[in-house]
Amino acid sequence: MMPARDSSPVLIAGAGPTGALLAILLERRGLEVRLIEARGDPRTQADASGRSINLALADRGIEALKRAGVLAEIEPALIPMRGRFVHPLGGTAHLQPYGQRPNEQIYSISRRRLNATLLGVALRRPGIEVLFEQRLEDLDGVTSEAEVRDVGSGVTRRFPMSPLIAADGAGSIVRRRLAERHLIEAQESDLEHGYKELSIPAGPHGEYRLEREALHIWPRGGYMLIALPNEDGSFTATLFLPMQGPSSFASLTSAAAIHAFLSGAFPDVHTLMPHAVREFREHPTGFLGTVRAAPWHHGGSTLLIGDAAHAIVPFHGQGMNCCFEDCIELDTCMAAGGGSPRVFDWKRIFEEFYARRKPNTDAIAAMALENYLEMRERVVDPRFQLEQALALELERRFPERFIPRYSMVMFHHEIPYRTALERGQVQSQLLAELTQHAARLGDIDFGRAEREIRARLPPLTSA
Ligand SMILES: Cc1cc2nc3c(=O)[nH]c(=O)nc-3n(C[C@H](O)[C@H](O)[C@H](O)COP(=O)(O)OP(=O)(O)OC[C@H]3O[C@@H](n4cnc5c(N)ncnc54)[C@H](O)[C@@H]3O)c2cc1C
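This structure is a prediction, so every number in the text was calculated from the model and none was measured.

Reading guide: rules and limits
- Residues numbered from 1 in each chain as written.
- Predicted model: local features only at pLDDT ≥ 70, side-chain atom pairs only at ≥ 80, totals over all residues.
- Heavy atoms only, no water.
- Pairing = 2+ DSSP bridges.
- Helix = DSSP H or I, 4+ residues; strand = E, 2+ residues; numbered from the N terminus.
- Axes fitted to C-alpha atoms, helices over the stretch in contact; angles between N-to-C directions.
- Core = buried A, V, L, I, M, F, W, Y, C linked by side-chain atoms within 4.5 Å.
- Buried < 20%, exposed > 50% of the residue type's maximum accessible area, 1.4 Å probe, protein only.
- Contact = heavy atoms within 4.5 Å.
- Salt bridge = Lys/Arg side-chain N within 4 Å of Asp/Glu carboxyl O.
- Parallel < 35°, antiparallel > 145°, perpendicular 65-115°, else oblique.
- Left-handed = near helix turned anticlockwise from the far one by under 90°.
- Near = heavy atom within 4 Å.
- Polar contact = N/O pair within 3.5 Å; in protein donor to acceptor, adjacent residues only side chain to side chain.
- Areas by Shrake-Rupley, 256 points an atom, 1.4 Å probe, with all protein chains shown as cover.
- Expected span 1.5 Å × (residues − 1).
- Bend = angle between axes of the 7 residues up to and from the residue.

## Structural notes on the sheet that holds strand β5 (residues 83-86)
Alright, step 1. Read from one edge to the other, the open sheet built from seven strands follows the order β6-β5-β14-β15-β16-β13-β17, with strand pairing classed as mixed. Here the strands that pair on one side only, and so sit at the sheet edges, are β6 (94-97) and β17 (286-294). Averaged over all adjacent pairs, the angle separating strand axes in this sheet is 30°, with direction ignored.

## Concerning the nonpolar core
Alright, step 1. With 70 residues, the main nonpolar core has Ile12, Leu21, Leu65, Leu118 and Leu330 as its most contacted residues.
Alright, step 2. Setting aside residues up to four positions removed in sequence, Leu21 forms contacts with Ala64, Leu65, Ala68, Val70, Leu118, Phe324 and Cys327.
Alright, step 3. Ranked by size, the runner-up nonpolar core spans 35 residues in total, among them Ala56, Leu215, Ile226 and Cys322.

## So, the pattern of salt bridges
Alright, step 1. Across all of its chains, the model carries 39 salt bridges by this definition.
Alright, step 2. We note a salt bridge from Glu129 to Arg34, for which the minimum N-O separation is 3.0 Å. In this pair, Glu129 sits in strand β8 (residues 128-131) while Arg34 sits in strand β2 (residues 33-36), placing the two residues 95 residues apart along the sequence.
Alright, step 3. Judged by its relative accessible area of 36%, Glu129 falls in the partly exposed class.
Alright, step 4. Its relative accessible area of 17% is what places Arg34 among the buried residues.
Alright, step 5. For Arg113, the salt bridge is made with Glu231, and the minimal N-O distance between the two is 2.8 Å. Separated by 118 residues along the polypeptide, Arg113 in helix α4 (residues 111-124) and Glu231 in the loop between β15 (224-229) and β16 (235-242) bring together distant segments of the chain.
Alright, step 6. For Arg113, a relative accessible area of 33% corresponds to the partly exposed category.
Alright, step 7. Using a relative accessible area of 44% as the deciding quantity, one classes Glu231 as partly exposed.
Alright, step 8. When salt bridges with common partners are traced through the structure, they connect Arg60, Glu325, Asp326 and Arg357 into a single cluster.

## Considering the packing of helix α14 (residues 417-434) against helix α15 (residues 446-456)
Alright, step 1. Two elements in contact, α14 and α15, have axes whose closest approach is 11 Å; the angle formed by their N-to-C orientations is 160°. In terms of orientation, α14 and α15 fall into the roughly antiparallel class. The crossing of α14 and α15 is right-handed. Of the residues in α15, those in contact with Val426, Gln429, Leu430, Glu433 and Leu434 of α14 are Arg448, Ala449, Glu452, Ile453 and Arg456.

## Observations regarding the site of the ligand
Alright, step 1. Around the ligand, a shell composed of 29 residues is seen, among which Thr18, Glu37, Ala56, Arg111 and Met320 lie nearest.
Alright, step 2. At a separation of 2.9 Å, an oxygen atom of the ligand approaches a polar backbone atom of Met320.
Alright, step 3. Separating an oxygen atom of the ligand from a side-chain N or O atom of Asn321 is a distance of 2.9 Å.
Alright, step 4. Calculation on the ligand without its partners gives an accessible area of 990 Å², and the protein chains cover 87% of this total.
Alright, step 5. Of all the elements in the fold, those that place two or more residues in the shell around the ligand are α1 (17-28), β3 (54-57), β9 (134-140) and α10 (319-337).

## Considering the sheet that holds strand β4 (residues 79-81)
Alright, step 1. Strands sit in the order β3-β7-β4 across an open sheet of three strands; the sheet is antiparallel. Either end of the sheet is taken by a strand with one partner, and the two such strands are β3 and β4. For this sheet, the mean angle separating the axes of adjacent strands, direction not counted, is 35°.
Alright, step 2. Looking at chain direction, β4 and strand β7 (residues 106-110) are connected through three bridges and run antiparallel. The residue bridging Ile79 from the neighbouring strand is Ser108, located in β7.
Alright, step 3. Where α4 meets the sheet, its contacts fall on β3 and β7, and the angle it forms with β7 comes to roughly 80°.

## Quick notes on the pairing of β3
Alright, step 1. Side chains Asn54 and Ala56 of β3 all project onto a buried face; the interleaved residues Leu55 and Leu57 project onto the opposite face, where all are buried too.
Alright, step 2. Both β3 and β7 contribute to a ladder of four bridges, which runs antiparallel. The residue bridging Leu57 from the neighbouring strand is Tyr107, located in β7.

## Structural notes on unusual backbone geometry
Alright, step 1. Residues Ser162 and Pro163 are joined by a peptide bond in cis, for which omega reads -10°.
Alright, step 2. With respect to the element layout, Pro163 can be found in the loop between β11 (156-160) and β12 (164-166).
Alright, step 3. The omega torsion of the bond from Ala294 to Pro295 falls at -15°, within 30 degrees of zero and hence cis.
Alright, step 4. Relative to the helices and strands, Pro295 resides in the loop between β17 and β18 (297-298).
Alright, step 5. A positive phi angle is found at Glu133, which is not glycine, with a value near 55°.
Alright, step 6. Structurally, Glu133 is set in the loop between β8 and β9.

## Observations regarding helix α11 (residues 346-376)
Alright, step 1. Between its terminal C-alpha atoms α11 stretches 43 Å, which fits the 45 Å expected from 31 residues at 1.5 Å a residue.
Alright, step 2. Taken as a whole, α11 carries its principal kink of about 35° at Arg357; the proline Pro359 stands between one and four residues after it.

## With respect to the side chain of Thr117
Alright, step 1. When you line up the elements, Thr117 lands in helix α4.
Alright, step 2. The class of Thr117 is buried, set by a relative accessible area of 16%.
Alright, step 3. Excluding residues within four positions of it along the chain, Thr117 makes contact with Glu73 and Ile74.

Put into structure tokens, the structure is as follows:
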């Protein structure tokens, strides 16, 4: 017999970072949660995907982990990154600090360790059931049940959607099913560039072969390589390259061509990547893109969250941070919209969540796309560097009105993405105007800067 609807657990599809964190938050709110995951348990099984081994965690993600009470367990695995270490072709490598206060840094974290820690916490909670190797395959709108197949046996079971929260990632089957049935609109826009992960092993004594506390970038105009530190002295490098064209994933196929490309484009780091050619040929090429859906829910029975609702390109290092912020926002909507602790008006909560969140996720999607050009090209441009230096100086002088856009996104969870985008547009115009005839900071007319800032940027507290 089916359990009574009100007593059914909330069903979360996907136990990635979003699903695992959300399960913890919902359980803390007094709900029973059933979390189903298509893959095996990351705490005990090797990862077959070969993808995205480490991620940059920033203030928004940290704040969410803190609010869920799990930060203390994750903190030991965090490696601070104080700035971007830029490696120009033929120039001198140098650190461009991300911010100017000691806490203005981001952190490299192993995706696997983060996910496993969140799942470990979830599994200790009495109200959370986690079922691995269970793939959600379809939705039955008539009975309001999800069809879930056991990956090992092939047997299909049905679970009540009371409700179903889909945290099944960028390729979300739930989003695709809802869109096929015209219950929502969804669009997946692929970038013409893809990515491949390569490794920079530790030295013979486990030492880091590059500066440890930095995110390394080799900007090359049409493409770039980045590297983030791991705990064991190695770095995970990611090559972002066009999918088609002269220097592309499609054209670089033979070992000789790959070797010639890597050694020509990245001569300094290529020598630190002894397995690069093999890895290039064996590791999967990842697709990048932006997912847009509207709305993110179907009535009160189904909600999309995290990458399933709004996957973005990774150039601002915000995808997972944004997903974690989603979880906190949903929790906040539940706090505001709850009746008795266990009876929630899901339709109202989902509507509220979507209305509050969508303008912000649209904003970070736009900023993430813009940031690709900044990382692969502009960071080596002296004009960009002058604008960055001026932005930090203006923040020192007018901290209540001017905060560099990167800092608003990465270090200020209290500033919504939408506000960062809008203020960032004004600031960018202002920086261009103030540096128009300047070669160095000493040439800047700070009297004019002050007048313009007071006229065009209201104090942030009232923004
Ligand atoms: C190259 C790259 C670099 C990135 N770097 C950063 C970074 O530095 N900082 C950052 O914040 N973000 C980064 N991101 C983004 C980040 O990885 C994602 O935003 C984040 O993983 C999304 O979490 P999620 O749980 O919503 O989805 P996912 O991580 O995709 O997890 C979805 C889960 O659902 C499971 N699943 C899928 N389908 C089903 C199904 N039908 N049934 C059951 N389970 C299912 C999957 O197995 C998976 O475990 C990067 C992304 C890429 C591609």
